[in-house]
Amino acid sequence: MMFLKDEKAVSEVVGAMMILLILVLYLGIMQARQVPQWNEELEKQQLDVVYDDFVTMRSNLEDVSGKNIPKTTTFHMGVKYPQRFMLSNPGQGASGILYTYPLRINISYETTKGIKWKNYTSMGLIYEQDGISDSPRFIYENGLIMKEFSNGFVFLVDDNQSLTSSDNIFIPILNGLATSGSSMEIESLDIKPISNEGFSQAKFSSMNATIETRYPNIWKNISKESRPSGSNFTIENGSKCSYGNSSGSCIKLSYIPGYNVKKLNLPDNENQPLQKQMYTGMVTFDNSLMNSRGATGPDGQDMFDKGQGRLDIPAANKSTQFLIQDITMARSIYTGHEESDDEEEHDIRLRFSVTDITNIWTVEIKFSRSYNNAINIISVKQRYPHIADNTTYNITYNTYMEFNNKNITNTREIDLTNYYRFFSNITSPNVLTIDRMDQQILYANFVIN
């Protein structure tokens with residue numbers, strides 16, 4: 001009985017039980033609140049990685065379609081929760097899934113043989129994370145990267161609208177398979193260029209593009225100032241979208257001028273094998289030799305190849321100068337016989353055109369080169385619009401003699417200012433293009449202001 005009444009060490013037992021209770025409560029709070037918070041933080045960090053993956057993927061798509069070389073892009077699909085001493089996770093981690101949705105694209109373009117069409121089925125890409133946090137979806141559509149939250153709010157990650165520039169269009173065409181099952185691992189996706197078989201180029205006078213979108217409000221709020229001169233950039237709904245039926249929304253690029261000079265690149269996406277990879281191409285113009293625009297300035301622009309040109313030179317009624325100078329030929333080229341110094345080889349021609357949406361102005365200069373390397377100008381003719389008698393209009397050289405004087409040699413400048421100002425109706429936007437430059441001509445400098 002004395003033992004039962006002994007209260008020695010009771011306080012120690014109670015203290016130990018209180019400490020144990022505090023530890024249990026602390027671990028419970030950590031398990032209930034901190035572990036989910038830590039895991040959510042890991043998932044948010046994972047989304048930053050996914051964003052970088054999408055930016056890299058967009059860059060890779062542009063490289064593959066532009067350089068025609070295959071690439072591999074990677075996606076960090078999910079995140080694994082770390083092991084924590086005396087604490088447990090709700091699962092192994094947060095997995096991710098990447099899947100696609102179809103996008104219809106219609107291209108119509110007018111050529112000298114009438115209006116032609118090309119239809120594509122491209123695709124958008126969506127990444128979703130299956131975790132404990134309320135994570136947004138990442139979306140790639142027609143070159144844009146967006147975030148979509150569970151409440152329906154869509155946020156544009158950046159406003160880098162890459163469909164159009166001031167002198168070109170860049171419409172990505174994607175097809176193949178990019179769907180992956182739920183994964184926490186790093187997944188690789190092969191991106192290959194669309195086969196050149198079926199690839200075509202076509203000169204066009206004007207073109208339109210209708211591009212399906214699931215996010216019209218995002219596209220409405222993007223700046224549309226950077227687009228080819230003379231074209232329109234609008235967002236439409238329903239029946240105004242001409243890709244087969246009246247449902248959905250679309251981006252419409254219309255009245256894009258080609259002046260019957262620009263070549264439209266049209267990839268073929270109909271016969272790609274279905275594998276775990278994407279194929280990509282780009283609807284764009286071939287502007288490789290027309291990368292300058294506006295007036296040339298006093299130094300002019302050297303023209304050295306057929307197809308080279310300049311965009312948006314001054315309109316005819318605003319031009320103050322149109323010279324061709326420093327015409328240089330290859331001295332080593334002479335195909336005639338060496339029987340006489342007066343003997344001339346065949347005619348050498350330089351022909352160029354300035355074209356706006358409805359008008360064309362074409363001039364042809366005919367040269368010859370004698371055995372003693374003298375450059376002879378045979379004629380300078382305005383071919384379009386046709387003029388009955390070229391001699392009436394006094395096209396002059398730097399010696400200010402009429403162009404039909406065939407005895408002028410070593411001429412380095414031709415002044416076409418009056419011809420351009422008064423005998424053409426060229427407006428802006430427009431394009432100047434070298435239609436013909438025979439190989440004997442190394443270059444000619446155009447001064448247009």
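All figures in this text were calculated on a predicted structure; none of them were measured in a lab. (Residues numbered from 1 in each chain as written. Predicted model: local features only at pLDDT ≥ 70, side-chain atom pairs only at ≥ 80, totals over all residues. Heavy atoms only, no water.)

**Some thoughts on the layout of surface pockets**
Right, on to step 1. As a volume, the largest pocket reaches approximately 450 Å³.
Right, on to step 2. Counting residues per element, the ones that place at least two in the lining of the largest pocket are α1 (10-67) and β16 (277-285).
Right, on to step 3. With six residues, the top contributor of residues to the lining of the largest pocket is α1.
Right, on to step 4. Among the residues forming the lining of the largest pocket, the class breakdown is 10 nonpolar, 10 polar and two charged.
Right, on to step 5. In this model, the second largest pocket occupies a volume close to 310 Å³.
Right, on to step 6. The dominant element in the lining of the second largest pocket, judged by the number of residues it contributes, is strand β25 (residues 431-437), at three residues.
Right, on to step 7. Looking at side-chain class alone, the lining of the second largest pocket contains four nonpolar, five polar and five charged residues. (1 Å grid on protein atoms, 1.4 Å probe; cavity = no way out; pocket = protein on both sides within 12 Å on 5 of 7 lines; lining within 4 Å. Points joined across faces, edges and corners; volume = space filled by probe spheres on them. Helix = DSSP H or I, 4+ residues; strand = E, 2+ residues; numbered from the N terminus. Nonpolar A, V, L, I, M, F, W, Y, C, P; charged D, E, K, R; others polar.)

**Topic: the pairing of strand β6 (residues 144-148)**
Right, on to step 1. Where burial is concerned, most of β6 is hidden: four out of the five residues are buried.
Right, on to step 2. Bridge analysis of strand β5 (residues 137-141) against β6 gives five bridges, and the strand direction is antiparallel. Residue Y140 lies in a different strand from β6, and its bridge partner there is I145.
Right, on to step 3. Taking the residues that link successive antiparallel strands as the turn, the β5-β6 hairpin has two residues, and the phi of N142 there is positive, at about 50°.
Right, on to step 4. Where β6 meets strand β7 (residues 154-156), three bridges bridge the pair, whose relative direction is antiparallel. Bridge pairing in β7 places K147 opposite F155. (Buried < 20%, exposed > 50% of the residue type's maximum accessible area, 1.4 Å probe, protein only. Pairing = 2+ DSSP bridges.)

**Let's talk about the side chain of N142**
Right, on to step 1. Relative to the elements of secondary structure, N142 occurs in the loop between β5 and β6.
Right, on to step 2. Side-chain polar atoms of N142 contact the backbone oxygen of E212, separated by 3.2 Å.
Right, on to step 3. If we ignore the near neighbours within four places in the chain, the residues touching N142 are L103, L163, P172, I211, E212, W219 and I251. (Polar contact = N/O pair within 3.5 Å; in protein donor to acceptor, adjacent residues only side chain to side chain. Contact = heavy atoms within 4.5 Å.)

**Things to note about a nonpolar patch on the surface**
Right, on to step 1. On the surface, V14, M18, L21 and L25 cluster together into a nonpolar patch covering about 370 Å² of accessible area.
Right, on to step 2. Mapped onto the elements, M18 comes out in helix α1. (Patch = residues over 30% accessible without salt bridge, like charges linked within 9 Å, V, L, I, M, F, W, Y side chains within 5 Å. Areas by Shrake-Rupley, 256 points an atom, 1.4 Å probe, with all protein chains shown as cover. Salt bridge = Lys/Arg side-chain N within 4 Å of Asp/Glu carboxyl O.)

**So, the confidence of the model for the protein chain**
Right, on to step 1. Mean pLDDT over the protein chain works out to 79, with 78% of the residues at or above the 70 mark.
Right, on to step 2. Every residue in residues 332-345 scores below 50 in pLDDT, and together they form 27 contacts with partners more than four places removed in sequence or on other chains.
Right, on to step 3. Counting interchain partners and residues more than four positions distant, the pLDDT-below-50 stretch residues 396-411 has 39 contacts. (pLDDT = per-residue confidence, 0-100.)

**Here we look at the pattern of salt bridges**
Right, on to step 1. One pass over the structure, following the stated rule, counts 10 salt bridges.
Right, on to step 2. Of the charged contacts in the structure, one is a salt bridge between E212 and R104, with a shortest N-O distance of 3.0 Å. Of this pair, E212 sits in strand β12 (residues 206-213) while R104 sits in strand β3 (residues 93-111), and the two are 108 residues apart along the sequence.
Right, on to step 3. Look at E212 and you get buried, because its relative accessible area is 12%.
Right, on to step 4. Classification of R104 as partly exposed rests on a relative accessible area of 22%.
Right, on to step 5. The structure contains a network of salt bridges with shared partners spanning R349, R351, E364 and R383.

**Let's talk about the nonpolar core**
Right, on to step 1. Grouped together as the largest cluster of nonpolar side chains are 36 residues, with contacts concentrated most on I107, I171, M207, L253, L264 and V283.
Right, on to step 2. Here this core gets five residues from one element, more than from any other, and that element is β3.
Right, on to step 3. Discounting chain neighbours no more than four positions away, the residues touching L264 are I107, Y109, S200, Q201, A202, F204, M207, V283, T284 and F285.
Right, on to step 4. Listed in part, the 30 residues of the second largest apolar core include F322, V380, M437 and I441. (Core = buried A, V, L, I, M, F, W, Y, C linked by side-chain atoms within 4.5 Å.)

**Details of the packing of aromatic side chains**
Right, on to step 1. Here the structure, examined in full by the defined rule, presents 12 aromatic pairs.
Right, on to step 2. Each ring, one from F322 and one from Y420, has its centre 5.1 Å from the other, and the planes form 50°; the classification is tilted. Taken together, the residues span a long stretch of sequence, with F322 in strand β19 (residues 322-329) and Y420 in helix α3 (residues 417-422) at a distance of 98 residues. Like F322, the residue Y420 is buried in the burial classification.
Right, on to step 3. Three or more aromatic residues joined by ring pairs make a cluster, and in this case those are F322, F352, W361, Y420 and F446. (Phe/Tyr/Trp six-rings, centres within 6.5 Å; stacked < 30°, edge-to-face > 60°.)

**Details of empty space enclosed by the protein**
Right, on to step 1. Applying the stated criterion to the full structure yields two cavities of 30 Å³ or more.
Right, on to step 2. Roughly 60 Å³ of internal volume is contained in the second largest cavity.
Right, on to step 3. Considering the residues around the second largest cavity, the lining is formed by S166, D167, P228, S229, P257, Y259, K262, R293, L311, D312, P429 and N430.
Right, on to step 4. Taken together, the residues that form the lining of the second largest cavity break down as five nonpolar, three polar and four charged.

**Quick word on the side chain of N445**
Right, on to step 1. Within the secondary structure layout, N445 lies in strand β26 (residues 441-448).
Right, on to step 2. A polar side-chain atom of N445 sits 2.8 Å from a polar atom in the side chain of D302.
Right, on to step 3. The residues contacting N445, other than those within four sequence positions of it, are D299, G300, Q301, D302, L323, I324, Q325 and D326.

**A short note on the state of the cysteines**
Right, on to step 1. Evaluation of the coordinates by the stated rule reveals one disulfide.
Right, on to step 2. Paired through a disulfide, C241 and C250 show a sulfur-sulfur distance of 2.1 Å. Torsion about the S-S bond of the C241 and C250 cystine: about -90°, corresponding to left-handed handedness. In this structure, C241 and C250 share a single accessibility class: buried. (Disulfide = S-S within 2.5 Å.)

**Focus: the environment of K240**
Right, on to step 1. If you trace the backbone, K240 turns up in the loop between β13 (232-237) and β14 (249-257).
Right, on to step 2. Placed 30 residues apart in sequence, K240 and T210 show a C-alpha to C-alpha distance of 9.5 Å.

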